[in-house]
Structures are given as C-alpha cells and as structure tokens.
Amino acid sequence: MILPIPRPTSQMPPFTPRPLADVQMPATLDGITYLLCIRWNARQGAWYLVVEDGAGESVVAGSHRLVVDAPLYRYQLGRGPPGIFVLEDTSGAGLEADFDALGERCLLHYLSLAELRAP
C-alpha cells in the first residue's frame, strides 16, 4: 500500500531560516487507524516519521528517520502496526528524500503483516 502523503507547504516566517513542514494524516494499517506524523528536520535535511494512536493522544512508535530502502518499525511489542514502512526512490537512483521529494520522487509504502508473511 502506498501512503498518499499530502505535499507539504514551504512557509518562510520572518527571520526563520528553514521551511516549516509537518504532515499529519490518519492511516488504517492492518485494520487499525493510526495517526502518521511526518516532519522535516532542516538541520539534518531529512524526513522523520512518528506513529501515534488514532486519536493522536499517545506515541506508539517514536521518531525515526525515513531512509530510502530501509525498513522501519518492525513491531514486536504490539503497540504499533505489525507491518513495516519502506521509503522508495521511484527514480531507481537510491537518492534520499530531500524536502521536495517526499510524496513525489520518494513514496512511503506500508507492507502489512499479511504481505510480510506471504511466500
């Protein structure tokens, strides 16, 4: 499943050296609704993912950097989705997601538990 990430807006408040980009979106993963919080870290030049419960009241998986082709969140404790997230660079070049690439060149996929168990 490809998660449709809305395009972040780049806003430059006066005297702020970085764009503000936070995306929050509900996603039903393996039958349970979660809130995905995707944030841009200008200092590191990278996107981070936090998974919260469906109400956005508690974090079920802390902040992890989105890295191309590196599986994220293989849950063993039962608090978050049982599948994994994978960031794909659709250009095939293996380039990391810069500010403008997420949701365009780089797509965030979720592989469900059933997909992971399939032969």
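Our structure's up above, just so we're on the same page.
Residues numbered from 1 in each chain as written. Predicted model: local features only at pLDDT ≥ 70, side-chain atom pairs only at ≥ 80, totals over all residues. Heavy atoms only, no water.

**Student:** How should the packing of aromatic side chains be read in this particular structure?
**Tutor:** Two aromatic rings, taken as a pair, are described by how far apart their centres are and by the angle between their planes. As enumerated under the stated definition, the model contains four aromatic pairs in all. Measuring from centroid to centroid gives 5.5 Å for Trp 40 and Phe 99, while their planes differ by 80°, and the two rings are edge-to-face. Here Phe 99 lies in the loop between strand S6 (84–89) and strand S7 (106–111) and Trp 40 lies in strand S3 (residues 32–41), a separation of 59 residues in the sequence. One exposure class covers both Trp 40 and Phe 99, and it is buried. Centre to centre, the rings of Trp 47 and Phe 99 are 5.7 Å apart; their planes meet at 20°, and the pair counts as stacked. Placement of the pair is Trp 47 in strand S4 (residues 46–53) and Phe 99 in the loop between S6 and S7, with a sequence separation of 52 residues. Note on Phe 99: relative accessible area 11%, which makes it buried. Counting every residue linked through ring pairs, the aromatic cluster contains Trp 40, Trp 47 and Phe 99. (Phe/Tyr/Trp six-rings, centres within 6.5 Å; stacked < 30°, edge-to-face > 60°. Helix = DSSP H or I, 4+ residues; strand = E, 2+ residues; numbered from the N terminus. Buried < 20%, exposed > 50% of the residue type's maximum accessible area, 1.4 Å probe, protein only.)

**Student:** Whenever I open this one, the sheet that holds strand S2 (residues 22–29) confuses me. Can you help?
**Tutor:** Strand pairs in the sheet, formed through backbone hydrogen bonds, run parallel or antiparallel to each other. On the basis of which strands lie adjacent, the open sheet formed by four strands has the order S2-S3-S4-S5 and antiparallel pairing. Each edge of the open sheet is held by one strand with a lone partner, namely S2 and strand S5 (59–65). With strand direction ignored, the average angle separating the axes of adjacent strands in the sheet is 20°. In the sheet, S4 pairs with S5 via four bridges, with the strands oriented antiparallel. Within S5, the position partnered with Leu 49 by the bridge is His 64. (Pairing = 2+ DSSP bridges. Axes fitted to C-alpha atoms, helices over the stretch in contact; angles between N-to-C directions.)

**Student:** Any chance you could explain the pairing of S4 here in plain terms?
**Tutor:** Consecutive residues of a regular strand have side chains that alternate between opposite faces of the sheet. Of all eight residues in S4, seven are buried; the element is thus mostly enclosed. Here S3 pairs with S4 via eight bridges, running antiparallel. By the bridge assignment, Asn 41 is partnered in S4 with Ala 46. Hairpin remark: S3 followed by S4, antiparallel, with four residues in the connecting loop; positive phi at Gly 45, about 60°. With antiparallel pairing between neighbouring strands as the criterion, S4 and S5 make up a hairpin whose turn holds five residues, including Gly 56 at a positive phi of roughly 70°.

**Student:** Whenever I open this one, the pattern of salt bridges confuses me. Can you help?
**Tutor:** A pair can form between side chains of opposite charge whenever their charged atoms are brought close. Inspection of the entire model under this criterion finds one salt bridge. In this structure, the salt-bridge partner of Asp 89 is Arg 105, at a minimum N-O distance of 3.1 Å. Here Arg 105 lies in the loop between S6 and S7 and Asp 89 lies in strand S6, a separation of 16 residues in the sequence. Residue classification places Asp 89 among the buried positions, given a relative accessible area of 6%. (Salt bridge = Lys/Arg side-chain N within 4 Å of Asp/Glu carboxyl O.)

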